[in-house]
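In case you want the letters, here they are:
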Amino acid sequence: MKDLTPDALELLGRLCAVYGGQPFEEGKEEQLRPAYLSRAEQRLALSELRRAGLLMVRQKLWGEKLYHIPAEVLDAVSLHFYPYSPAPLAAGDVSLSMEARPGLSGELFRALLFTAREGLPVTAKGSIHKKQVSRLAAQLSFGDGHLQGLTALSPDLGQGLGHGRGHEQLQRPGQRSGLAREQGRALGLGRVEEKRGGRDQGLGKDQVISQAIDQVTGQVKGQATGKAIGQGKGQTAGQTAGQTTGTYPLAVTVIMDLMLSLGLISHQEPGYILEPDVLRNWLQLPEPQMVSILYETAAERYGSREPVQQHFRLLISRQDFLPGQWYALAGVQDWLAAMNPAALLERPVLEAACLAWLRALAGFGWAELGSLQSGELCFRWTAAKPQLQGARPAPAGAAEEQPPAASSIVQAPLQGTRPAPAGATEEQPLAAAFIVQPDFEVLVPPEVPYAMRWTLAACAELLQCDVLWSFRLTREMLEHAAVQGMPPGEVISWLQGHTPGGLPEQVEYSLEQWGRGIGRTVIEDVRLLSCLSEVEAEMIAAHPRLHDKLTRLGPLHFLVQREQEKDVHQELAEAGLAPQGTINGREPEQAAEMPLYHRERENSPAAYAVPPWEQGLLSAVTGNTLRHLPLADPEPEASFLMDEGQVPSMWSREWRAYHGTTAEKVMEQGLRWGVKVRISLQGQECHFIPHRIQRNPWRVTGHLLRNLGREVEEMELTASAWKEIQLILPAAARNSSSAGATGYVMIEKSTADGRTLTQK
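Residues numbered from 1 in each chain as written. Predicted model: local features only at pLDDT ≥ 70, side-chain atom pairs only at ≥ 80, totals over all residues. Heavy atoms only, no water.

What follows covers helix 14 (residues 329-338). Residues of helix 14 that are buried include every one of L329, V332, Q333, W335 and L336, and no others. The arc that holds every buried residue of helix 14, seen down its axis, measures 155 degrees, which confines them to one face. Next to the buried residues of helix 14 lie helix 3 (71-81), helix 13 (307-317), strand 11 (326-328), helix 15 (347-363) and strand 13 (377-381). (Buried < 20%, exposed > 50% of the residue type's maximum accessible area, 1.4 Å probe, protein only. Helix = DSSP H or I, 4+ residues; strand = E, 2+ residues; numbered from the N terminus. Arc of directions from axis to C-beta. Contact = heavy atoms within 4.5 Å.)

Right under this line is the structure:
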């Protein structure tokens, strides 16, 4: 970033403040153009940001372009332009109002375990059975109170997503009319304009940014009401993978959406089932990396898309906010207000939006809320504070706009740039073991891998999953493990191998006693062939090719071995005795089996990859829609000189006087190209940026730059007002006249050439 030109830096700072990481349509950046920059110079600045990997351009189906700051660099960009040093509060002055619940990684573990043991069958309409929804909700320690206020889970959106009338009420993917209304009311963002003499005075940085806020809000609303990026037509929300009809509590909606979006479960005809291979890779992740993925997924899917809230989430995630330290929310709000977008928010509305996210963090086990005696709100991170690591896969083709220079820019030591977190994948696995107590309780320290906890959950009942997890060994769970393919002897051997000093004597004795009563009988899966009369039964009994495939049980019934079912069906059909299409008594198969990985090498390198955001219970209203759009081709730097060959070269090579008509043509060409024009005005050399030309009589309106761009005047000129004139192509002049122009105040004055508005 230190290698960027002043023009590119100025533009990047404005884009970061107004849009954050949200996309904006091509042409919207024109509203943020500094008064001292020409259109051509701004286009070069945009190209410079693209080459540096600090700005990406996506192309929609019909060729429209969308710009956005990549999520991978947004934090570094924001930190560079808007540094913040939080001041911790004394812990004794804070009263705890909302404590953190057990971590989201443990809650997800519980939900996966429930899916494995109990299953999640669905009705004919595609919704999970209400009984299973209630039982799943009872497994979770966070509830709807932690999730109230999140825009992605607002009541208008919730119809059919777990807290409304059903998915049939949802609009097409991308439509968020209820959310748009809510955000519009919350933001209260109107056009901020100061007018003097009938002209908009939006030339200063603060004023330009303020005026652009209304456009940003309009864009978000447009996307929210059905203009989502890259959405197809005719697809309803209920047609997306994993979506259901029914009414789910918010907590169940979130946990189901997480399991689906992470690829841990999939939606099949009978219900939701585990994906064993993905689950194995997920369980092999170190817990810090799990937490990082969960946090970034939650922020992307459930956090508000408003830039001000995105800035809030990025700010409090910085390493300056230390775990265990209390911080005043008012200080963070002051910082947001200084960025201009938040300055247009009413303070109570901004506070409510921030509190909604903090409550969700408390429900996920990452933060706590409190207050001072004065009533001032504050918060703190827990020891489980996530570290942002960019867990999501890079968009297709992103490497084309991420040259090596981009990574060096982001990691450069700029104004407290946050260093990359220690890679969780590089951590060396600790010698993990758990503690089996004489009362059959199993204590699991934090360093025990989740893969080991999963195996333990197959043979022991999970009691709690806070900092110190605990299980209990029971006869019922020993039987459950045997059903899943882990016999008692193997369970005892596995427990011995992961318990320092071995199992307590009475525990080992009880497990052996329980194991002797398991597996002494076997229930086999067979089929019963029934006949309507003894005539058919005798024909089957006399059939030469069915004699060794069937066992007669009575006058009308035969036993069919499961592995012989297909052959028996074929022989009966050829003999004119084909059975009916369905099997009486057979229920729809619902895979509720628990995949086990205890025979595989533990602590093997994790190969988990986060899938795209298409899947998920809330995929119609959340996620990163930009990920589906291809990158636009780079634009040639001189593409604004479309008719360069038809323009006399002396217009840009020589500074000289021309006949009045020719001088007008030179100025018109400057307007057409969007470049600056060098003129002599009242004996002083100046640069002029033409904005509008009127005829009869001919006159041009634009910005006049004096003192190397430090003074900017809006002025209307005639061709006779100047003597010499020359087109200034930005490749040669962009670092001279525009450098150092910052912060302006509008001053109205009159000159012999017309009324001007000066910035100083």
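Moving on from the model shown.
Put simply, the protein has an average pLDDT of 75, and 72% of its residues get 70 or more. Mean pLDDT per element in the protein: strand 7 (residues 195-196) is the minimum at 30, and strand 17 (residues 469-473) is the maximum at 96. Contacts of residues 156-246 to residues separated by more than four positions or lying in other chains number 212 contacts, the stretch itself having pLDDT below 50. In this model residues 587-591 is a low-confidence stretch, pLDDT under 50, and it forms 10 contacts with partners more than four residues away in sequence or in other chains. (pLDDT = per-residue confidence, 0-100.)

Counting residues in hydrophobic clusters, the biggest one holds 138 residues, and the most contacted among them are L108, M256, W282, W454 and L456. When residues of this core are assigned to their parent elements, the largest contribution, nine residues, is made by helix 10 (residues 250-261). When near neighbours in sequence (up to four residues on either side) are disregarded, W282 contacts L108, L262, L264, M290, I293, L294 and Y608. V647, I679, L717 and A719 belong to the second largest nonpolar core, which has 24 residues in total. (Core = buried A, V, L, I, M, F, W, Y, C linked by side-chain atoms within 4.5 Å.)

Between N696 and the following residue, P697, the backbone shows a cis peptide bond with an omega angle of 0 degrees. For P697, the location among the structural elements is in the loop between strand 23 (684-694) and strand 24 (699-706). In this structure, F440 is a non-glycine residue whose phi angle is positive, near 75 degrees. Tracing the backbone shows F440 in the loop between strand 14 (435-436) and strand 15 (441-444). Although it is not a glycine, Q682 sits at a positive phi angle of roughly 55 degrees. Mapped onto the secondary structure, Q682 falls in the loop between strand 22 (676-681) and strand 23. Exposure remark for Q682: the relative accessible area of 55% places this residue in the exposed category.

The next point concerns the sheet that holds strand 5 (residues 95-98). The sheet built from five strands is open, its strands ordered 4-11-13-12-5 with antiparallel pairing. Bordering the open sheet on either side are strand 4 (88-89) and strand 5, each of which pairs with just one other strand. When strand 12 (residues 367-371) meets strand 13, the two strands line up antiparallel, connected through five bridges. By the bridge assignment for strand 13, E368 is matched with R380. (Pairing = 2+ DSSP bridges.)

Here the focus is helix 24 (residues 660-673). The periodicity of an α-helix, 3.6 residues per turn, causes residues three or four places apart in sequence to face the same way. Over its 14 residues, helix 24 runs 20 Å from end to end, which matches the ideal 20 Å to within 8%, given 1.5 Å per residue. Within helix 24, burial applies to A663, V666, M667, E668, Q669, G670, L671 and W673. If you follow the buried residues of helix 24, they end up packed against helix 2 (39-51), helix 23 (650-653), strand 22, strand 23, strand 24 and strand 26 (722-728). Once helix 24 finishes, G674 follows within two positions and takes phi at roughly 75 degrees, a positive value. (Expected span 1.5 Å × (residues − 1).)

One can describe the packing of helix 13 onto helix 15 by two numbers: an axis separation of 11 Å at closest approach and a directional angle of 50 degrees. Relative to helix 15, the element helix 13 is oriented oblique. With respect to the hand of their crossing, helix 13 and helix 15 are arranged in right-handed fashion. Contacts from V308, Q309, F312, R313 and I316 of helix 13 reach helix 15 at L350, A353, C354, W357, L358 and L361. Partitioning the contact of helix 13 with helix 15 into residue classes produces nine nonpolar, one polar and one charged. (Axes fitted to C-alpha atoms, helices over the stretch in contact; angles between N-to-C directions. Parallel < 35°, antiparallel > 145°, perpendicular 65-115°, else oblique. Left-handed = near helix turned anticlockwise from the far one by under 90°. Nonpolar A, V, L, I, M, F, W, Y, C, P; charged D, E, K, R; others polar.)

Here we come to the pattern of salt bridges. One pass over the structure, following the stated rule, counts 19 salt bridges. A salt bridge links D257 to R301, with the nearest nitrogen and oxygen atoms 2.6 Å apart. Within this pair, whereas D257 is found in helix 10, its partner R301 is found in helix 12 (residues 287-302), the two being separated by 44 residues in sequence. Considered together, D257 and R301 belong to a single accessibility category, that of buried residues. A salt bridge links E574 to R545; the nearest nitrogen and oxygen atoms lie 4.0 Å apart. Taken as a pair, E574 in helix 22 (residues 565-574) and R545 in the loop between helix 21 (534-541) and strand 19 (550-552) lie far apart in primary sequence, 29 residues in all. (Salt bridge = Lys/Arg side-chain N within 4 Å of Asp/Glu carboxyl O.)

Moving on to the packing of aromatic side chains. Using the criterion set out here, one finds 21 aromatic pairs in the structure. For the ring pair F109 and W454, a centre distance of 5.6 Å and an interplane angle of 85 degrees mean the geometry is edge-to-face. Taken together, the residues F109 in helix 4 (residues 104-118) and W454 in helix 17 (residues 450-459) connect sequence positions 345 residues apart. The buried category is assigned to W454, whose relative accessible area is 0%. Aromatic side chains Y295 and W366 sit 5.6 Å apart centroid to centroid with 70 degrees between the ring planes, which places their arrangement in the edge-to-face category. Of this pair, Y295 sits in helix 12 while W366 sits in the loop between helix 15 and strand 12, and the two are 71 residues apart along the sequence. Each member of the pair, Y295 together with W366, is buried. Put simply, the rings of F142, Y295, W357, F364, W366 and W381 touch in pairs and so form one group of aromatic residues. Sitting above the plane of the Y450 ring, R453 keeps its charged end 4.4 Å from the centroid. (Phe/Tyr/Trp six-rings, centres within 6.5 Å; stacked < 30°, edge-to-face > 60°. Lys NZ or Arg CZ within 6 Å of the ring centre and 35° of its normal.)

Within a sheet, each strand pairs with its neighbour through backbone hydrogen bonds, oriented either parallel or antiparallel. As summarised here, the arrangement of the four strands in space is 14-15-17-16, forming an open sheet in which the pairing is antiparallel. Of all strands in the sheet, those bounded by a partner on one side alone are strand 14 and strand 16 (460-465).

Turning to the environment of R678, a few remarks are in order. Structurally, R678 can be placed in strand 22. Overall, the relative accessible area of 19% leaves R678 in the buried class. Leaving out residues up to four positions away in the same chain, R678 has contacts with W655, E685, C686, H687, E724, I725, Q726 and I728. At a separation of 2.8 Å, a polar atom in the side chain of R678 contacts the side chain of E685. (Polar contact = N/O pair within 3.5 Å; in protein donor to acceptor, adjacent residues only side chain to side chain.)

The next point concerns the environment of Y327. Relative to the elements of secondary structure, Y327 occurs in strand 11. Each C-alpha atom, one on Y327 and one on P86, is 7.1 Å from the other, the two residues being 241 residues apart in sequence. Setting aside its immediate chain neighbours within four residues, Y327 contacts P86, A87, P88, L89, D320, F321, L322, L377, C378 and F379. Here L322 takes part through its backbone nitrogen, which lies 3.0 Å from a polar atom of the side chain of Y327.

Quick look at the pairing of strand 15 now. Burial along strand 15 is two-sided: E441 and L443 and V442 and V444, pointing in opposite directions, are all buried. Pairing of strand 14 with strand 15 involves two bridges; the strand directions are antiparallel. Residue pairing for strand 15: V436 is matched across the bridge by V442. Taking the residues between adjacent antiparallel strands as the criterion, strand 14 and strand 15 are bridged by four residues, where F440 takes a positive phi near 75 degrees. Bridging between strand 15 and strand 17 involves four bridges; their strand directions are antiparallel. What sits directly across from E441, in strand 17, is R472.

Here we come to the side chain of T382. By the secondary structure assignment, T382 is in the loop between strand 13 and helix 16 (404-411). Owing to a relative accessible area of 13%, T382 belongs among the buried residues under this scheme. The residues touching T382, leaving out its near neighbours within four places in the chain, are A100, P323, G365, W366, A367 and E368.

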